[in-house]
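Residue-level structure breakdown
The primary structure of each chain is shown beneath.
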Amino acid sequence: IFLAFTELLMVVLGILLALYIDRWNSSRNFEKQYVATLRIIQQNIESDIYQSDNVIAHYSARDSLRHNIMLNKFDRKYYEKGISYWQKAIVYYNQFEISTDGYNLLIGMNEEIPDKYYEINKKIKKLYNKIPKIDEYNKNFKEIIWGIHDELTYSYWFWVDDYYGEMSKEQIDFYISDPYYKALVQKVLNASALLNGVAQAHRTEAIDIYNDINEILGLSKDVPKN
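These numbers come from a predicted model, not from an experiment.

1. Describing the environment of Glu97
Looking at the element boundaries, Glu97 is found in the loop between helix H2 (76-80) and helix H3 (101-107). A sequence separation of 38 residues divides Glu97 from Asp135, and the C-alpha atoms of the two residues are 8.4 Å apart. Other than its neighbours up to four places away in sequence, Glu97 contacts Asp48 and Gln51.

2. A look at the packing of aromatic side chains
Per the stated rule, a full pass over the model turns up 17 aromatic pairs. Residues Phe30 and Tyr34 carry aromatic rings whose centres are separated by 6.4 Å and whose planes lie at 35° to one another, so their mutual orientation is tilted. With Phe30 and Tyr34 both in helix H1 (residues 2-70) and 4 residues apart, the pair spans about one turn of that helix. Taking relative accessible area as the criterion, Tyr34 reaches 0% and is therefore assigned buried. Where Tyr163 meets Tyr164, the ring centres are 5.0 Å apart and the plane angle is 85°; that geometry is what we call edge-to-face. The exposed category is assigned to Tyr163, whose relative accessible area is 67%. Through a chain of ring-to-ring contacts, three or more aromatic side chains come together here, namely Phe74, Tyr78, Tyr79, Trp157, Phe158, Trp159, Phe174, Tyr175 and Tyr181.

The rules behind the values
Along each chain, numbering runs from 1 in the same order as the chain's sequence is written. For a predicted model such as this one, the threshold for reporting local features is a pLDDT of at least 70, and the threshold for listing and counting side-chain atom pairs is 80 or more; totals across whole chains, interfaces and linings nevertheless cover every residue. No hydrogens and no water enter the side-chain calculation; it runs on all heavy atoms of the structure. What counts as a helix is a DSSP run of H or I of at least four residues, what counts as a strand is a run of E of at least two, and both are numbered from the N terminus. In this analysis, two residues are considered to be in contact whenever any of their non-hydrogen atoms come within 4.5 Å of each other. Here the aromatic set is Phe, Tyr and Trp, taking the six-membered ring for Trp, and pairing holds for ring centres within 6.5 Å; pairs whose planes are under 30 degrees apart are stacked, those over 60 apart are edge-to-face, and all others are tilted. Buried residues are those whose accessible area, probed at 1.4 Å on protein chains only, stays under 20% of the maximum for their type, while exposed residues exceed 50% and partly exposed ones sit between those limits.

Structure below.
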């Protein structure tokens, strides 16, 4: 009986040991996968920083342009020389595109996150939970610009001037004399300001997370500068 009990105990211990080793190997593999995902998130953040810098620079340039328009600094001669698409201020928009490859991998992980990654995991999810708001402001900016396009198509000069590559008297009059143009400029700037705000907030949080991942993984990668 004792022998049988000993053999049974050894079998049970063997099974438990095998399960432990399997779980340990699984945990190690999961951690490797998680670390690889953090590195992808860092790459995504690098892209996001470039994107946010461009959005911020774009808003700053547009704000400067708005200032000159409101103070009537552009006279008829300025427009007669011809201006770029950008300088019209009401027909151009940009978008803030977030890279989510790493985040999508992260939320697809069903295993329990090791304790040492708990805080960074929480920060990452908080950062990307704001994507719907960014998408909303992107959509808003785009819709405002295309709405203005639709309005201006009723003006004879809008497409005809573009076709011939010159600015008619009617178009120049619209820019320097029509108060509605200034209202549209301000409307577009407001949409740009909303996108600029979320880009700045995302950029700040993303840089903190980038540095946190460096610390957790023992890396010394500098935050990219644009």
